[in-house]
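# Tertiary structure, described
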Amino acid sequence: MPGRSTNDFTIRVATVNGSGSQSSNLTLSNAIFRLGVPVAPKNVFPSNIEGLPTWFDVRITSKGYKCRTRDVDVLVALNQVTWRDDVAGVKPGGAIVHESTYPVSGETQRDDVTYYPVPFSELGKKHFENGDLRKYLVNMLYVGVLGELIGIDEATIEAAIKTQFRTKPAAVEANMSAVRLGIAYAREHFPKQDEFRLQRMTGKTDGTLFMDGNRAAALGCVMGGCTVAAWYPITPSSSLCESFIALAEKYRTDPKTGEKRVVIVQAEDELAAAGVVFGAGWAGARAMTSTSGPGISLMAEYAGFGYYAEIPGVIFDVQRAGPSTGLPTRTMQGDVAFAYTLSHGDTKHVVLLPATVEEAYSFAMDAFDLAERFQTPIFVLSDLDLGMNSWMTPPLPYPEKPFDRGKVLSADDLSKFDSWGRYRDVDGDGIPYRTIPGTNHGNAGFFTRGTGHDEYSRYSEDPQTWKGGLDRLVRKHDAARARVPQPVSDENGNAVGLIAYGTTHHAIAEARDILRDDGINVDYLRVRALPLAADVAAFVERHERVYVVEQNRDGQLYGIMRTELPAHLVERVFSIRHYNGVPIDAYAVVDPLLSALRMASVS
């Protein structure tokens, strides 16, 4: 397989959930990364504690692609239940490292792959006396075997293990003993028969690190001034609040007095968590919660309250596959339309759509500024792929700009006039002024109402007053178009354009290269927030056909665009959708796009 054998192949590890393979797979990924070779790990795991099949793909890519690939070049097979299907998924010319007791016959016997049988169970029983520890150390055996076969030296693996077990240094030597056993076994029994190998590179990973999006968002919350977090655990968002708690323990604790300067509330459910967030936001704190689709459903009532009563709060939605409980450990972009209009009646929220670890971090900080500037709930929609998988990322920059607290009246401000209206728009941007509870002035107080009210917060059912209030909220929402993260584009005057958002971006990057190699050039715009910026309509105006690529069944951004674009542009916009629960790959873009272009040319 010329051109794909060195620093360009994918390893799939097929194991059983709960077997402890995660540490081994992350060690493998980190070791490859330490060779200077870009790597993109993807974990596809079941929604149970243990027992069901799980797969971990390590994509090794000299070009630095970050999306999933459909190719499996090297298989590590440690689950007999999926043995037949796993073998069938390996590309011709591939290599299979497997438990030696698995039968190689019938459908599992192929002439176009290389088999490396390893007696993992036997070696484990022989060398690891502790039965509880044995299953974890057996996984490190395959790290050693792979290291020898593809060219990862022992010192590099050891450095990766020390990183993986940095909080448990006593575990390093035990794991290294298993790695050395695997290296020795492969060296003694397996002459190299496949073409897959690693070669140290320079300049590709320099200055980068591994981080998952949930941890990056949690760090952004700390840097963004968050002091209240209320949550109810739910996959795949739990690690966001867990990371925030760990970071707050270190950075929200007074080093002299030990006083905690943060409030963490594990609420009875997601509705209660949202209530805490908006209560804290009303009191002047920067507050957030993290959840996923089912939790967003429960938060609908408070989302509407925050929108109409105009209270800041930040809600992170790490999307998973729905509807209903759906596939709790699979990824989707299925909450976009729901979050955008969450709650009953006429409601529209600001929604941020990060695509990278850097944006998970920076958009978290932006969310708190936007929440206070526009006095409204802000939704940050990540997904399981970004939130839970490890990504190569540049270091996250320390924030330089001050917090934007928005239109907050101080005691001095209040002394300059006799009265003010909590819901009165005096600047024409739809945003009223507010005070923070505790402001030392006799006119600082106000009522907060989720029921009908006039601009002075007096209860009202007057039709014109009601309509005027809703119209003001529309002006405020429109004002946010210019303040949210703006789209980024790459255009060269091509007739066809692509629009995407979130982690779909990484498949688009590779898809454009594949298309370019076939002589097809397409422009690209990445949406980073709702409401849609003016640049989106301008991009569509400049192209004959625009395809909106997203990871949901119903084409939710496509639907929003068809609603909000000028009528003469709607007919130029088409939809490409990927929604099988696994992260999107480049050919999920290339294949339907080529088909659509052929159909367009025929018609």
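Parameters at a glance
- Residues numbered from 1 in each chain as written.
- Predicted model: local features only at pLDDT ≥ 70, side-chain atom pairs only at ≥ 80, totals over all residues.
- Heavy atoms only, no water.
- Helix = DSSP H or I, 4+ residues; strand = E, 2+ residues; numbered from the N terminus.
- Rg over C-alpha atoms; globule rule 2.2 N^0.38 Å.
- Buried < 20%, exposed > 50% of the residue type's maximum accessible area, 1.4 Å probe, protein only.
- Contact = heavy atoms within 4.5 Å.
- Areas by Shrake-Rupley, 256 points an atom, 1.4 Å probe, with all protein chains shown as cover.
- Lys, Arg positive; Asp, Glu negative; His and termini not counted.
- Charge placed at Lys NZ, Arg CZ, Asp CG, Glu CD.
- Pairing = 2+ DSSP bridges.
- Salt bridge = Lys/Arg side-chain N within 4 Å of Asp/Glu carboxyl O.

## Some thoughts on the overall build of the protein chain
When helices and strands are tallied, the protein chain shows 21 helices and 20 strands. For the protein chain, whose C-alpha radius of gyration is 27 Å, the value lies close to the compact-globule estimate of 25 Å for 603 residues. Along the first, second and third principal axes, the C-alpha atoms of the protein chain reach 90 × 70 × 40 Å. By residue count, 55% of the 603 residues in the protein chain fall in the buried class. In the protein chain, of all internal contacts separated by at least 6 residues, the share reaching a separation of at least 24 is 76%. Working note: accessible area of the protein chain is about 25400 Å², and carbon and sulfur atoms make up 51% of it. Distance from the positive charge centre (62 side chains) to the negative charge centre (73 side chains) of the protein chain: 2 Å.

## What about the side chain of H477?
Among the secondary structure elements, H477 is positioned in helix α16 (residues 463–480). Classification of H477 as buried rests on a relative accessible area of 8%. Those residues within four positions of H477 in sequence are excluded, and the remaining contacts are Y340, K348, H349, V350 and P531.

## Some details on unusual backbone geometry
The omega torsion across G322 and P323 is 10°, close enough to zero to call that bond cis. As for its position among the elements, P323 is in the loop between β11 (313–319) and α12 (336–340). For the bond from L530 to P531, the omega torsion is 10°, close enough to zero to count as cis. Along the polypeptide, P531 turns up in the loop between β18 (529–530) and α18 (534–541). The phi angle at S324 is positive, at roughly 55°, despite the residue not being glycine. Within the fold, S324 resides in the loop between β11 and α12.

## Let's talk about helix α19 (residues 556–564)
Buried residues of α19: Q556, L557, Y558, I560 and M561, and no others. Turning to α19, the residues buried within the fold contact α12, β16 (496–500), β18, α18, β19 (545–550) and β20 (573–577).

## Remarks on the pairing of strand β3 (residues 53–61)
Counting buried residues along β3, seven of its nine residues qualify, which places the element largely inside the surrounding structure. In this sheet, β3 lies alongside strand β1 (residues 8–16) in antiparallel orientation, the contact comprising nine bridges. Looking across to β3, one finds that V16 is bridged to P53. When strand β2 (residues 39–44) meets β3, the two strands line up antiparallel, connected through six bridges. Bridging from a neighbouring strand, P41 pairs with V58 of β3.

## Structural notes on the environment of T465
Mapped onto the secondary structure, T465 falls in helix α16. Counting along the chain gives 13 residues from T465 to G452, while the straight-line C-alpha distance between them is 8.5 Å. Apart from the residues lying within four places of it in its own chain, the contact partners of T465 are H453, D454 and S460.

## Some words on the pattern of salt bridges
One pass over the structure, following the stated rule, counts 42 salt bridges. Across the pair R70 and D591 runs a salt bridge whose closest N-O atoms are separated by 3.9 Å. Taken together, the positions of R70 in the loop between β3 and β4 (74–77) and D591 in helix α21 (residues 587–602) put the pair 521 residues apart, joining distant regions of the chain. Judged by relative accessible area, which is 44%, R70 ranks as partly exposed. As a salt-bridge pair, D513 and R516 come within 2.6 Å of each other at their nearest N and O atoms. Of this pair, D513 and R516 both sit in helix α17 (residues 504–517), three residues apart, roughly one helical turn. For D513, a relative accessible area of 26% translates into the label partly exposed. One continuous salt-bridge network, built from bridges that share partners, spans R286, D369, E372, R405 and R434.

From the geometry alone we can't say anything about function, so treat these as descriptive.
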